[in-house]
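Observations on the model geometry
This is what each chain is made of:
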Amino acid sequence: MARVTLQVLDGADRGAVFDRTETPLTIGREEGNTIQLNDERISRFHVKIQEDQGKVVLTDLESTNGTRVNGLDTQLRILQVGDLIAVGRSTLLYGARDEIAARVEMLRAMGARAPSDSMVDKATGPVEEREPNLNDSANLVDLQWGADSLGFPGTLHLPGPPGLPEGMTPAQAAQVAEMLEYFHTRTRALLHNAIAPNGDRPVAIERERWHELVDLQAQLAQYLRRIGDAT
């Protein structure tokens, strides 16, 4: 049976990592779930994740507020490493850092053609002279901005993150937490609430740059949790 890793990016349990958890597993707010989250908008037993024929499958357990994967309402879905699972007010990233790094390397090996190192604004033209193919899902994440309309796959291969300072006083820890909270909030806003410059056109971003943003939010969430646990 499969073992899966889930990282909590947002919500009351932000920064928690459920590492190599054996399937089948359930997520919900009540005791008896494999993963119990402190979120009143999550159903008692919200989703189930299991292995079937070599695939990892997510099933919504007829939850009250539903489940979204990569911004799309989902009842049944085969999960891919890097998927973002939204339940209630909580967002979970599927996959461990090494698994996601391996997926990025696989994408690179496939020879995916990237449009540029920055966002492409269709209102003013591409950053490069070449017009990017916004329909090429192997290269770009195509975002139709709006309520619950995200579509992004995962996180990034990066060097190991630096450790937190040791021996901080409570005041210093609070200052560091305040800075991290600021960047976490800004990253979350970029991921979930960004609006294209002209308000109605898609924004395209290179896949690996999008991975970076999600990985950054995951790391900030874990820093914040560690500071909270240490004070």
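Right above here is the structure, for reference.
Cut-offs used in this document
- Residue indices follow the written sequence of each chain, beginning from 1 at its first position.
- A pLDDT threshold of at least 70 governs which residues receive local features in this predicted model, and a stricter bar of 80 or more applies before side-chain atom pairs are shown or counted, although totals over entire chains, interfaces and linings include all residues.
- Side-chain numbers here rest on the full set of heavy atoms in the structure, without hydrogens or water.
- Strands are runs of DSSP state E lasting at least two residues, helices are runs of H or I lasting at least four, and both sets are numbered from the N terminus onward.
- By the criterion applied in these results, polar contacts are pairs of N or O atoms within 3.5 Å in which, for protein atoms, one can donate a hydrogen and the other can accept it, and in which residues neighboring in sequence qualify only through two side-chain atoms.
- Whether two residues are in contact is decided by their heavy atoms, any of which lying within 4.5 Å being enough.
- Strand pairing requires that DSSP identify at least two bridges connecting the strands.
- To get an axis, fit a line to the C-alpha atoms, keeping to the stretch in contact for a helix; angles then go from 0 to 180 degrees between the N-to-C directions.

1. Comments concerning the side chain of histidine 46
Tracing the chain through its elements places histidine 46 in the loop between strand E4 (35-36) and strand E5 (47-52). Within polar-contact distance, the side chain of histidine 46 engages the backbone nitrogen of serine 43 at 3.0 Å. Looking at histidine 46, its side chain comes within polar contact range of the side chain of threonine 67, at 3.2 Å. Those residues in contact with histidine 46 that lie beyond four places of it in its chain are Ile27, Gly28, Arg41, Thr59, Asp60, Leu61, Ser63, Gly66, Thr67, Val87 and Gly88.

2. Details of the sheet that holds strand E6 (residues 55-60)
Ordered in space as E4-E3-E5-E6-E9, the five strands form an open sheet in which the pairing is mixed. This sheet does not close on itself; its edge strands, each paired only once, are E4 and strand E9 (76-78). In the sheet, E6 pairs with E9 via three bridges, with the strands oriented antiparallel. Bridge pairing in E9 links leucine 58 to arginine 77.

3. Remarks on the sheet that holds strand E8 (residues 72-74)
Whether parallel or antiparallel, the strands of a sheet pair through hydrogen bonds between backbone atoms. Sheet architecture is open: six strands sit in the order E2-E1-E11-E10-E7-E8, paired in antiparallel fashion. Across the chains shown, the open sheet's two edge strands, defined by having one partner strand only, are strand E2 (17-22) and E8. The mean angle between the axes of side-by-side strands here comes to 30°, regardless of whether they run parallel or antiparallel. In terms of strand pairing, strand E1 (residues 3-10) meets strand E11 (residues 90-94) through four bridges, oriented antiparallel. Each residue of the ladder has a partner; that of valine 8, found in E11, is leucine 92.

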